[in-house]
Amino acid sequence: MNFFNQGKELILVHKDMADVNIDKSVNIMLSPQFYTLKREALPVKYAHQAKKIAPSIFDGLVENAGEYEYFVFKEDDEWVLIAYNSYEILDFLYSKGFKRENISKLYFAQQSIDMFDKPLSIGENSALISMDNTMVVIPKIVLGEDENLSLNFTDLFTPKQSITIKTTSSSNLFSTTDTIILSSIFTIFAILFIIEGIGYSGNNSNRDKFDELLISNPSLQSSYSRKSIISKYKTLDKKERDKRDNIKAISSIIFKGVKLTNLKLDSKKIEASFVCINKSVSDKLKTIATKKHFIVMNITGTNDLVIRKKL
Amino acid sequence: MKQYQNELIILASFIFMLLSYTYKSNQVSTQLVEANNIKHSMIELQEVIALKKLWSDKKTSLKIKKFKNTISTQKTKWSNKRKKLTAVYNGLTPNELNRVTTKILNIPVQITKLQIDKTNKLYKMEIKCKW
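Calculation rules
- Residues numbered from 1 in each chain as written.
- Chains lettered and ligands numbered in written order.
- Predicted model: local features only at pLDDT ≥ 70, side-chain atom pairs only at ≥ 80, totals over all residues.
- Helix = DSSP H or I, 4+ residues; strand = E, 2+ residues; numbered from the N terminus.
- Buried ≥ 20, exposed ≤ 12 C-beta atoms within 10 Å, placed from the backbone.
- Contact = placed C-beta atoms within 7 Å.
- pLDDT = per-residue confidence, 0-100.
- Core = buried A, V, L, I, M, F, W, Y, C linked by C-beta atoms within 7 Å.
- Pairing = 2+ DSSP bridges.
- Axes fitted to C-alpha atoms, helices over the stretch in contact; angles between N-to-C directions.

1. Section: the overall build of chain A
On a plain count of helices and strands, chain A comes out with six helices and 13 strands. Looking at chain A as a whole, 23% of its 311 residues are labelled buried. A fraction of 52% describes how many contacts in chain A between residues 6 or more apart in sequence connect residues 24 or more apart.

2. A few points about the confidence of the model for chain A
Per-residue confidence for chain A gives a mean pLDDT of 86, with 93% of residues at or over 70. Low pLDDT (under 50) marks residues 1–5 of chain A, which in the prediction has five contacts with non-local residues, meaning those over four places away or in another chain.

3. With respect to the nonpolar core
Soluble globular proteins: nonpolar side chains tend toward being buried together. With 35 residues, the main nonpolar core has M29(A), L30(A), Y70(A), V72(A), L81(A), I82(A) and Y84(A) as its most contacted residues. With six residues, strand β5 (residues 78–84) of chain A is the largest single contributor of residues to this core. Contact partners of L30(A), with chain neighbours within four places excluded, come to V13(A), Y35(A), I89(A), L106(A), Y107(A), F108(A) and A109(A). Formed by 29 residues, the second largest nonpolar core is a distinct cluster that contains A289(A), F294(A), L92(B) and I111(B).

4. With respect to the sheet that holds strand β9 (residues 134–139) of chain A
All names here are of chain A. Spatial strand order, β7-β8-β9: three strands in an open sheet with antiparallel pairing. Of all the strands in the sheet, the pair left with one neighbour each is β7 (120–122) and β9. On average, each strand axis in the sheet is tilted by 35 degrees relative to the strand beside it, whichever way the strands run. Bridge count between β7 and strand β8 (residues 126–131): three bridges; the pairing is antiparallel. Counterpart to I122 in the pairing with β8 is S126.

5. Things to note about the interface of chain A and chain B
Contact residues are listed per partner, giving 49 residues for chain A and 43 residues for chain B. Of all the secondary-structure elements, those providing two or more residues to the side of chain A that touches chain B are α3 (176–201), α4 (205–216), α5 (223–252) and β10 (258–266) of chain A. When residues of the side of chain A that touches chain B are assigned to their parent elements, the largest contribution, 14 residues, is made by α3(A). Summarising the sheet, β10(A) and strand β3 (residues 110–119) of chain B pair through five bridges and their orientation is antiparallel. Across the sheet, residue L265(A) finds its bridge partner in β3(B), namely L114(B).

This is the structure in structure tokens:
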């Protein structure tokens with residue numbers, strides 16, 4: 001029993017059928033006119049193995065074997081192999097008014113051979129009949145006059161196994177296989193991107209360190225107060241380092257023949273007075289002080305110097 | 001619609017991939033910006049902490065007390081009130097002058113005034129500072 005096909009109409013498709021006008025999903029049973037059948041006792045156990053061998057069995061039996069697909073099923077001790085061209089089938093179905101979206105599943109008449117206990121009239125001149133365990137289409141004329149053609153074709157003829165119809169046609173860019181491959185690749189990439197994205201969102205070790213620092217210094221939690229405090233201390237630090245550097249600079253330029261007589265430092269400037277024993281010492285001191293960016297002034301009439309710098 | 005279901009499936013999965021890529025890119029750029037901000041704030045914070053530790057050191061008062069003992073009290077006039085110091089030294093030898101100067105420069109205080117005057121061979125020194 002096939003639960004998924006419950007309620008879907010089964011339509012027998014044959015070459016002499018009239019055009020259809022349907023607007024709902026239907027299942028289709030193909031008459032032998034649409035497939036080639038062979039029955040073989042193959043030394044294989046599984047259907048997929050038989051399917052692999054199928055092309056070689058039909059070699060020479062069908063034209064353009066590359067365009068064919070194969071359906072296999074086991075019947076007693078033999079494998080029933082069916083070769084069909086889904087493009088031709090679809091083209092025929094479209095020509096008869098079927099729409100792709102209304103075609104649900106395809107079956108072969110051979111699959112329901114047990115149901116054909118009587119011939120089934122198809123079209124004006126043909127009949128579908130089970131003969132030597134194979135479904136065939138024969139002219140009605142071959143049948144005896146007393147042959148009963150009253151077989152009622154219903155949804156009960158629906159077999160369990162169906163074939164998946166190929167969607168590639170002139171109106172489709174991608175086959176089902178292409179669709180599966182491409183959509184799988186895209187989906188895998190998508191999942192990888194999401195995982196990577198989620199990984200990034202939780203990856204910030206600096207944040208933890210920063211939070212720890214803030215916890216241990218609650219007064220610095222506001223960025224505004226941090227900026228204000230840093231500005232205050234940076235100015236202070238710069239100024240005090242400047243003062244100390246200049247005092248050290250002054251003490252470093254005292255050499256033999258030079259004596260410091262006065263040094264004044266306040267928040268705005270630093271000034272130092274030196275007594276030099278002669279002019280050459282005075283000149284040397286002047287050169288060194290100038291290099292250290294001090295403004296140098298001579299005390300007129302002496303070798304003494306006063307150096308000054310703004311802080 | 002069913003006729004183009006393959007194309008629609010591929011399109012949907014492709015859009016899904018694009019959206020995921022956009023999400024990942026956003027996460028990366030957001031993280032980069034945030035990481036830079038945090039890094040900047042970390043540096044700022046560490047700098048504040050270091051400066052605060054240096055210039056608002058609670059041990060500075062103790063260091064100033066020790067500094068008082070650098071020179072004998074006879075030569076020193078000392079006034080230390082509310083984290084403000086005024087120290088006046090008279091009759092310092094060059095060595096003593098160097099010692100006092102070096103010590104005060106190594107204490108993290110704001111030097112508001114430093115004056116050295118030479119009288120004969122000795123020095124007079126005045127230091128005003130706060131912390």
